[in-house]
Protein chains: 2
Amino acid sequence: MAHKYVYLFKEGDGTMRELLGGKGANLAEMVRMGLPVPQGFTVSTEACTKFYEDGEKINDEILAQIDASVAATEQIEGKKFGDPKNPLLMAVRSGARASMPGMMDTILNLGLNDEVVAGMIAGNSDPAFERFVYDSYRRFIQMFGGVVMEVSKHDFETIIDDLKTELKKTDDLELNAADLKELVARFKALVKKTTGSDFPSNPVEQLRASVRAVFLSWNNERAHIYRRMHEIPYSWGTAVNVQTMVYGNLNDNSGTGVAFSRDPATGENVLYGEYLINAQGEDVVAGIRTPNPISQLQKEMPEVYQQFADTVAILEKHYKDMQDMEFTIENRKLYMLQTRNGKRTAAAALKIAVDQVAEGTITTDEALLRFDANQLDALLHPQFDPAALKAATPIGQGLAASPGAACGQVVFEAHTAKQWFDAGKTVILVRLETSPDDIEGMNVAKGILTARGGMTSHAAVVARGMGTCCVSGCGDVKIKGNSFELGGNVYNEGDFISLDGSTGKIYAGELATTEAEITGDFDSFMKWADAARTMKVRTNADSPKDTKTAIQFGAEGIGLCRTEHMFFEGDRIKSMRKMIMAKDLEARKAALAELLPYQQQDFTEMFEALEGKPMTIRFLDPPLHEFLPQEEKDIVEIAGEIGVSVEQLKEKIASLHEFNPMMGHRGLRLAVSYPEIAEMQTTAVINAALAVSKNASFEVVPEIMIPLTCETKELKYVKDIVVKVADAIIAASGQSLKYMVGTMIEIPRAALLANEVATEAEFFSFGTNDLTQMTYGFSRDDAGVFLEDYYTTKIFESDPFVRLDQSGVGQLVQMACEKGRAGRPGIKLGICGEHGGDPSSVKFCHNLGLDYVSCSPFRVPIARLAAAQAAIEAAGGEKVVHG
Amino acid sequence: MAHKYVYLFKEGDGTMRELLGGKGANLAEMVRMGLPVPQGFTVSTEACTKFYEDGEKINDEILAQIDASVAATEQIEGKKFGDPKNPLLMAVRSGARASMPGMMDTILNLGLNDEVVAGMIAGNSDPAFERFVYDSYRRFIQMFGGVVMEVSKHDFETIIDDLKTELKKTDDLELNAADLKELVARFKALVKKTTGSDFPSNPVEQLRASVRAVFLSWNNERAHIYRRMHEIPYSWGTAVNVQTMVYGNLNDNSGTGVAFSRDPATGENVLYGEYLINAQGEDVVAGIRTPNPISQLQKEMPEVYQQFADTVAILEKHYKDMQDMEFTIENRKLYMLQTRNGKRTAAAALKIAVDQVAEGTITTDEALLRFDANQLDALLHPQFDPAALKAATPIGQGLAASPGAACGQVVFEAHTAKQWFDAGKTVILVRLETSPDDIEGMNVAKGILTARGGMTSHAAVVARGMGTCCVSGCGDVKIKGNSFELGGNVYNEGDFISLDGSTGKIYAGELATTEAEITGDFDSFMKWADAARTMKVRTNADSPKDTKTAIQFGAEGIGLCRTEHMFFEGDRIKSMRKMIMAKDLEARKAALAELLPYQQQDFTEMFEALEGKPMTIRFLDPPLHEFLPQEEKDIVEIAGEIGVSVEQLKEKIASLHEFNPMMGHRGLRLAVSYPEIAEMQTTAVINAALAVSKNASFEVVPEIMIPLTCETKELKYVKDIVVKVADAIIAASGQSLKYMVGTMIEIPRAALLANEVATEAEFFSFGTNDLTQMTYGFSRDDAGVFLEDYYTTKIFESDPFVRLDQSGVGQLVQMACEKGRAGRPGIKLGICGEHGGDPSSVKFCHNLGLDYVSCSPFRVPIARLAAAQAAIEAAGGEKVVHG
């Protein structure tokens, strides 16, 4: 039997979203529910996939099924394609599995040609009807010409404008039947002139070309970008819905509109929407005429309004979710053209979920599953005022590195940021890239913009940690001294710009922002999440301040404390530099002794803030050159500060230069070369833990984490140093203290040999940033340049530094989990890469049975929700698709 | 039952090398053969391992077994430990599984104390005997004091010198019994003063301390360095041989010597060696007196000589290999103290092997197995004259990056090298590091010295390819303008230096070299290897010249043609730079069109030279910045050459800068961004193949290799471009041509997903250089700095860039083989990393069933031999240990 590629609406149902797309499945479902839906059929997503497999060709089998479905629809509607007396006219719309509003193409009024137009007019004596028919015809030529025949849409608009000028008319509605007939003629001439072909008159030909055009629109640039933003796989393809036309533009007893079953901005339980009398759907969207609020329909056509309100109630009850619907009224008869779960703001999503649970419509598990975890971001960070945003045009686009909205005055140096901040100004720090040296400036900046660096660059990681808005890797930003160029304009120090860290867009001037607002609904909701999840959520925090923030967000401990960040503030960096410049062991130990009290104090405060929650402390990781200055003037200044000659400092900087520092002298390799660093850090950790646990009612169990292991013997070497120092201090203290020593798994070799590594490591924490770098051979600081080409060519659909690559990197993670458990049964497993805050990656971690994920403080709620969703799904819950 | 840790010689045999060490096993074997061997016992390597496991402590069980073995030896020899009347005296010597001459400690004359000395003298009226006893006593105190009690050996020597000065005597032999007695007293006083303890008089205590000292000497620095050089695992441990003393220094009827059963320098079948009358073994080694050639013994003690010659014949026949022996004559009685397979020069090894096959002593398989494949290097490259080398003191030490010896005048710039070479001078190119830009200078240099870069740095890889001597990564070399500083001296441009690329040593001045010499024996030998092996050996060659060299060395095709090396000569680099600077696709294509004829011509000549042997052509791999200048003056010059402004060129250089270029925009990532590069390269390959195959009697099947795949879709994207271009050219030509498209597996992700990758790749070639970098997270250009610390701490015992890491990187290779075969049954598999020329790695490749290994031309014979050895061993042959 031939494969079925085309389904009549009455053959489908709401569960067939994969095959029929969201729109098609919901149309079929509404038909099943007996709701008023114009009949038609859906060409399936499988047909789209086949179309591309066959080299962009619709095969004969599919064409035959389309023809048969047209015939069946003719039968149901009692009309006929191309019949001048009783013509069937069709709307052709895309409909992917996930909604991609406006991304693909639509063609209305298909089936019209000169003969049909003449026949229709002949069969109806209403003079307004002739106008309506010509209006539909010109719309059809305009849409089909633009979409299928690729005539410039702008050229059609120009013709309309020219005609109105000639006729001295301003509004489209002033154009009468004769005017529109003239428009049709001019449109046809434009098509002929541009394409060399006549506008096709055969409805079958029109339909085939339109289906083909919709399939092709799956592949257009804007669809591709949208998919990438929303993590929609290219392989899904789109379905095509072919539906009998109904006419909101028939007369003044007709109209069209869109509505939501609840307010999508606030979540309030009121019917929300707008409509236009005597219009087709595109008019509402296009915004040429101002639509009326849906409440007005109650006055204009009370019986239609009531029917619509009843239908909405039926639909919301049926789908158990807020609905987003399109409808058309033709001669006071209501038709439903679409329904889907409505997109909503984060605040609305939260309110609707909590309300629906209270109403008893859904369970808490259902409420959790239908919430897009990433959307929580919007509740936790300031956002631009939607009106301001709509009015603004971006001047550039970078990576959406850390969410939130920010506006402030441009500064280019970290120390300037600090000075201006102290003077009460709000600043945006603009840098080629950031380095640990900039930390103080980053800390006070409202937003950060960098020209280089990807989603896991220093700027991105640190900004996310701080909850500061950041746009990274905007290559178009050309910094020259105290100004930068972008989009053809120059912005000087002190100029205002605005950044949207959630979209990566950059704006000139000051855009109004709305502050983050956490309501009581949020707390109830997160409590449900905590009850549902089984995996712990920790945070990446490097300071007592971050620790406190993260605990407020629900962190259950610290999964990654990057101790190097403790070496940058104030005098610490000076001691660190002395350590690096030390000529011998003695001098190095003296410099380290200066650092000890700082580090110990930080640990003490963090242990106190944690009140017994665990803390994983990663020992010094970055290459030492990161602590030394790069620029001539800084070198001169710093040489003086630490008491070495400029030449000595330059020699040291040169000797520490590496071709590929990411794979250089860093991580535990530093501890192998300079065991005294590990000794100092161990002393700080253990002293702090002893001090805090002495008077505390809770137990302190430090987890010391050795970074960058690639070989068991290397880990053992460093662990032996740690254990020796720790045990001596504990013995001398007379207190008892448990501590653990584990490692990061971030080098492929450590994952491959995890069974061996586990004999030394008491826990593993997956450093999936570095693991991704090494597994792909992608430098995260450089990959931005060529990843763009990878998206364009559709080789990649998402950034592996944002979304964990489950097939490659994930294979290593899984292998390391299995081997690690074999090497040390019950070994504690966690993840502390940036993926720890990405919902799909969190789910992967849950399925591998990790004990915890760790992410930046502001992503803790997201991880908590994602972990809950993973647990519910693993137990059989089904994720709800929005829109 | 207790574990047996100690074996009497009569309890062991020659097969027990692992347990008893080489020396112990051979002593036991000689005892079994009935040869005259002083009795004793061996403390096993297991005891050594246990000693370290127990925290450097010899446990009671082992001590008891030692005591019992002493008792058994007393029984056999009829003497007693510590008995003044009939004392048993012992020699304690190390004996690892593989010989490590002079690396560990030895103690002779153990068992002496004041009482025993007195008893011995009392029991012998010969006045010379008293002198002998005191001489033995002072030697014992000196050795034991130095080795076990850690008294400075220099202090003992000073005391001897002082005494001789006091006595106005110059030769040790002039010291009489009284003098030596005085020496004993002074030695004891030194021990007491230095250590605070008396010299131990209890023989049991002496023995235990000596065994312990030998175990500890396994861990000393020089032993560690030696093991690393000779790839001897630390885990093996050493055995300790405790043997009854016999005395070559008893009187003039006594003596001691060493001999080889054939000449170890030439391989000639004559007894070769030397001896000293009235001496202990250490005197021969120490070189204080000049020994006599062994032939003289025939005149001095004909009957002893004859017995020795007979013994040698028996031993060589028994071991079927040239023997290296130590013997002692005590009162005209011969004792064998050691025999082992003798170390020999490469030339000797070849001659002995071929002679022994001719004699019918060994099979060709045995001949192949006993040849150390790495030793072939010495036959293929010039070496320093051994006498000159012995007399010279190195001024520095780098990595032994490319074998051979070279001396010449120092130059610092590639173009200077070329000028001086053209003027008839011999030059050594000294660079901080080399870049592709230096290729012409490297090509004419006799040797290359770099301050930076590891075993797979650019300098090392290119030099090995050219067969040019290279010492890389000598961090002590400080280059300043036209001179460099090393070991406290300054060497200017034009000064002579000498490099030993086989040891990494650097010498001042001109050291005499001997040219490489390939004899007829070599050809016979390599023919046996070719008959024995099943795996093919290809070469890495980038030019027609290298191709011809490699074919002479027996290469069966090219496994890696690095096409980027074709872009550096003369005008080519100019076109390449134009391509990089191109503003748009058209300009880029124009520049590529200039490159096409060069590349096509190279391929044509190489296909011709190969005469149907396969060639794997790797498409452009390095990041583009490598083709642009770095230094100000070059930038100015080149900007003019290619017709862009200096600013434009600088901007491009800045925009191509990467933080970690090894993981940056390179490999097929370039082809994704610039498909036109792959198109040009495909055109060049296919045109050349068509041109050559048109008139040839052989078939040309180009293997196009896409580098750096990490994702199947990315490979497919580039492959589609290649196939499209290739098929069009072939179709247009009217000829038929087969070609393959495959990929390098050098990124961990490609190995992890090899089943998928194999659906697109028609062959895999393992790029184990990059795979090692990514799997370890080691930048090969930077790792040199910290790898030293890894050797010192014994975390690593070999350089993973030289010897394939079988457990980690090898795991990925194995996984990729298995998955690759699952994805494409029968897929062709090869290796083209530098490991392809390393014998142990070649063996690993054979065992994985790879179709071929590919290595630099000069390593082709080594790979052929290693592949033969792997095949023979896999079929049950046993590798013979030398020395």
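The rules behind these values
- Residues numbered from 1 in each chain as written.
- Chains lettered and ligands numbered in written order.
- Predicted model: local features only at pLDDT ≥ 70, side-chain atom pairs only at ≥ 80, totals over all residues.
- Heavy atoms only, no water.
- Helix = DSSP H or I, 4+ residues; strand = E, 2+ residues; numbered from the N terminus.
- Rg over C-alpha atoms; globule rule 2.2 N^0.38 Å.
- Buried < 20%, exposed > 50% of the residue type's maximum accessible area, 1.4 Å probe, protein only.
- Pairing = 2+ DSSP bridges.
- Contact = heavy atoms within 4.5 Å.
- Axes fitted to C-alpha atoms, helices over the stretch in contact; angles between N-to-C directions.
- Salt bridge = Lys/Arg side-chain N within 4 Å of Asp/Glu carboxyl O.
- Polar contact = N/O pair within 3.5 Å; in protein donor to acceptor, adjacent residues only side chain to side chain.
- Phe/Tyr/Trp six-rings, centres within 6.5 Å; stacked < 30°, edge-to-face > 60°.
- Lys NZ or Arg CZ within 6 Å of the ring centre and 35° of its normal.
- Least-squares fit on C-alpha atoms with pLDDT ≥ 70 in both.
- Parallel < 35°, antiparallel > 145°, perpendicular 65-115°, else oblique.
- Left-handed = near helix turned anticlockwise from the far one by under 90°.
- Nonpolar A, V, L, I, M, F, W, Y, C, P; charged D, E, K, R; others polar.

Peer 1: Residues and numbers for the overall build of chain A, please.
Peer 2: For chain A, the count of helices and strands is 35 helices and 31 strands. The C-alpha atoms of chain A give a radius of gyration of 32 Å, which matches the 29 Å a tight globule of 883 residues would have. Over its C-alpha atoms, taken along the principal directions, chain A stretches across nearly 105 × 55 × 50 Å. Relative to its full complement of 883 residues, chain A shows a buried share of 60%.

Peer 1: Pulling in residues and values, what's your account of the environment of B:Val490?
Peer 2: Its place among the elements puts B:Val490 in strand E22 (residues 489-492). When the C-alpha positions of B:Val490 and B:Lys79 are compared, they lie 62 Å apart, and in sequence the two are 411 residues distant.

Peer 1: Help me get a handle on the sheet that holds strand E12 (residues 333-341) of chain B, residues and values and all.
Peer 2: Residues and elements named next belong to chain B. Pairing within the open sheet is antiparallel, and its five strands lie in the order E10-E9-E8-E11-E12. Strand pairing shows two members of the sheet lacking a second neighbour, strand E10 (292-293) and E12, which therefore form its edges. In the sheet, strand E8 (residues 255-260) pairs with strand E9 (residues 272-277) via six bridges, with the strands oriented antiparallel. By the bridge assignment, Gly255 is partnered in E9 with Ile277. The sheet strands contacting helix H12 (residues 302-319) are E8, strand E11 (323-330) and E12, and the helix crosses E12 at an angle near 25 degrees.

Peer 1: Got a sec to walk through the interface of chain B and chain A? Specific residues and values, please.
Peer 2: Of the residues lining the interface, 51 residues belong to chain B; the matching set on chain A comes to 51 residues. One can count four salt bridges joining chain B with chain A. When the shortest N-O distance is used, the salt bridge between A:Asp805 and B:Arg749 registers 2.7 Å. Linking chain B with chain A are 30 residue pairs in polar contact (both at pLDDT 80 or more), by the criterion used here. Elements supplying a minimum of two residues to the side of chain B that touches chain A: helix H26 (668-673), helix H28 (712-733), helix H29 (748-752), helix H31 (768-776), helix H32 (783-792) and helix H33 (809-823) of chain B.

Peer 1: Which residues make up the packing of aromatic side chains, and what values do they have?
Peer 2: Under the definition given, this model contains 54 aromatic pairs over all chains. Ring geometry for A:Phe568 against A:Phe627: centres 4.8 Å apart, planes inclined by 10 degrees, an arrangement best described as stacked. Residue A:Phe568 is located in the loop between strand E25 (558-562) and helix H22 (570-581), and its partner A:Phe627 is located in the loop between strand E26 (615-618) and helix H24 (632-642); the two are separated by 59 residues in the primary sequence. Grouping residues by exposure puts A:Phe568 and A:Phe627 together as buried. Seen from their ring centres, B:Phe778 and B:Phe786 are 5.3 Å apart, and the 65 degrees between their planes marks the pair as edge-to-face. You can call B:Phe786 buried: its relative accessible area is 0%. Ring pairs connect the aromatic residues A:Phe51, A:Tyr52, A:Phe215, A:Trp218 and A:Tyr234, which therefore count as one cluster. Positioned above the aromatic ring of A:Trp218, the side-chain terminus of A:Arg227 is 4.2 Å from the ring centre. Against the face of A:Tyr852 rests A:Arg538, its NZ or CZ located 3.9 Å from the ring centre.

Peer 1: Go over the relation of the copies chain B and chain A with me, naming the residues and quoting the values.
Peer 2: With an RMSD of 0.2 Å, the fit of chain B onto chain A corresponds to turning through 180 degrees and sliding 0.2 Å along the axis. On this basis, the relationship between the two copies can be described by a two-fold rotation axis. No C-alpha of chain B approaches the rotation axis more nearly than that of B:Asn660, which lies at 2.1 Å. A shared binding surface is used by both copies, with 100% of the interface residues of chain B retained as interface residues in chain A.

Peer 1: Before we move on, could you go through the environment of A:Ser261 and cite the residues and values that matter?
Peer 2: Residues and elements named next belong to chain A. Structurally, Ser261 is set in the loop between strand E6 (255-260) and strand E7 (272-277). Linking Ser261 and Asp324, residues 63 residues apart in sequence, is a C-alpha distance of 6.7 Å. Among the polar contacts made by the side chain of Ser261, one reaches the side chain of Glu316 at a distance of 2.7 Å. Among the polar contacts listed, one links the side chain of Ser261 to the backbone nitrogen of Gln323, at a separation of 2.8 Å.

Peer 1: Pulling in residues and values, what's your account of the packing of helix H24 (residues 632-642) of chain B against helix H25 (residues 646-656) of chain B?
Peer 2: Residues and elements named next belong to chain B. Direction vectors running N to C along H24 and H25 enclose 120 degrees, while the axes themselves pass 9 Å from each other. It follows that H24 is oblique to H25 by the angle criterion. Where H24 crosses over H25, the two elements pack in a sense that is right-handed. On H25, the residues touching Glu632, Ile635, Val636, Ile638 and Ala639 of H24 are Val646, Leu649, Lys650 and Ile653. Along the lines of polarity and charge, the residues of the contact of H24 with H25 split into seven nonpolar, no polar and two charged.

Peer 1: Go over the sheet that holds strand E26 (residues 536-540) of chain B with me, naming the residues and quoting the values.
Peer 2: Residues and elements named next belong to chain B. The strand order around the closed barrel formed by eight strands is E26-E27-E28-E29-E30-E31-E32-E33, and the pairing between neighbours is parallel. Averaged over neighbouring strand pairs, the angle between their axes works out to 25 degrees when direction is ignored. Bridge count for strand E29 (residues 702-706) against strand E30 (residues 740-745) is four bridges, and the pairing is parallel. Residue pairing in the sheet places Ile704 in a bridge with Val741 of E30.

Peer 1: Lay out the pairing of strand E3 (residues 90-96) of chain A in plain terms, naming residues and giving numbers.
Peer 2: Residues and elements named next belong to chain A. Among the seven residues that make up E3, seven are buried, leaving the element largely enclosed by the rest of the structure. Relative to strand E4 (residues 106-110), E3 runs antiparallel, the two sharing three bridges. Within the sheet, the bridge partner assigned to Arg93 lies in E4 and is Thr106. Both E3 and strand E5 (residues 238-244) contribute to a ladder of seven bridges, which runs antiparallel. Counted as the bridge partner of Met90 is Thr244 from E5.

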